[in-house]
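Fold and contact review
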Amino acid sequence: MAVSSRRLQKELMEMKKEGTPAGITLLQADDFAKWILSVEVLGDSLYKDEKFAIMFRFDNQYPISAPAVQFVVDDKYQAPIHPHVYSNGHICASILGNEWSPVLSVVAVCVTIQSMLASCKRVAPDRPPDNDRYVARAPDNPKKVCSQYFWAPCWACS
């Protein structure tokens, strides 16, 4: 069994045995290629009572390489309007790129995204300033985006 499969099997067993943190729910984990989890921001926030789905796509190098992570955008789910989230669901977060660490897990990434959303204090959050241009050129898989472009510092959320 590949390292990635063993690691994902371990993470899945931990989620099923110990549960997930408040506001995070495993929706789909049929295989070790793609998982979907829902994230709800708890407490008083701009995203109160909203649920977002996050898709994780894993390659054979996980956890050495980061999974491809993005918000699901379909008939049921939308990406949150946030300065670090493009309308196609791609997320600008350093832990998904150059600051990825193999000690991070699927749950840790979800908690980080949950915290990112909860900490946004703008009265009317915006998309990243280059959203339209980025979405027009971006591939479906956020890991296939030129890292120099995508992991550069994003629009601030303060």
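Residue numbering note: each chain is counted from 1, following its sequence as written. It should be noted that, the model being predicted, local features are given only for residues of pLDDT at least 70 and side-chain atom pairs only at 80 or more, the latter also being counted only at that level, while totals for whole chains, interfaces and linings use all residues. To obtain the side-chain values, all non-hydrogen atoms of the structure were used and water was disregarded.

In this structure, the amide linkage connecting Tyr62 to the following residue, Pro63, adopts the cis form with an omega of 5°. Structurally, the position occupied by Pro63 is in the loop between strand 3 (51-57) and strand 4 (68-71). Of note in this structure, Asp49 is not a glycine but carries a positive phi near 65°. Only runs of H or I of at least four residues qualify as helices and only runs of E of at least two qualify as strands under DSSP, and these elements are numbered from the N terminus. The residue Asp49 is located in the loop between strand 2 (34-40) and strand 3 in this model.

The buried label goes to any residue with under 20% of its type's maximum accessible area, the exposed label to any with over 50%, and the partly exposed label to all in between, with areas taken from a 1.4 Å probe on protein chains only. Within strand 3, six of the seven residues are buried, which leaves it mostly tucked inside the rest of the structure. Pairing of strand 2 with strand 3, which is carried by seven bridges, proceeds in the antiparallel orientation. Residue pairing in the sheet places Lys34 in a bridge with Arg57 of strand 3. At least two DSSP bridges between two strands are required for those strands to pair. For strand 3 and strand 4, the ladder comprises four bridges, and the chain directions are antiparallel. Following the sheet pairing, Met55 is matched in strand 4 by Gln70.

Whenever a carboxyl oxygen of Asp or Glu lies within 4 Å of a side-chain nitrogen of Lys or Arg, that contact is scored as a salt bridge. Within the structure shown, the criterion is met by four salt bridges. Where Glu11 meets Arg7, a salt bridge forms, and the shortest distance between an N and an O atom there is 2.8 Å. Remark: Arg7 and Glu11 occur in helix 1 (residues 3-18); sequence separation between them is four residues, near one turn of the helix. An identical accessibility class is assigned to Glu11 and Arg7; each is buried. A salt bridge links Lys10 to Glu14, with the nearest nitrogen and oxygen atoms 4.0 Å apart. Residue Lys10 and its partner Glu14 are both found in helix 1; the two are separated by four residues, about one turn of the helix. Since its relative accessible area comes to 35%, Glu14 is described here as partly exposed.

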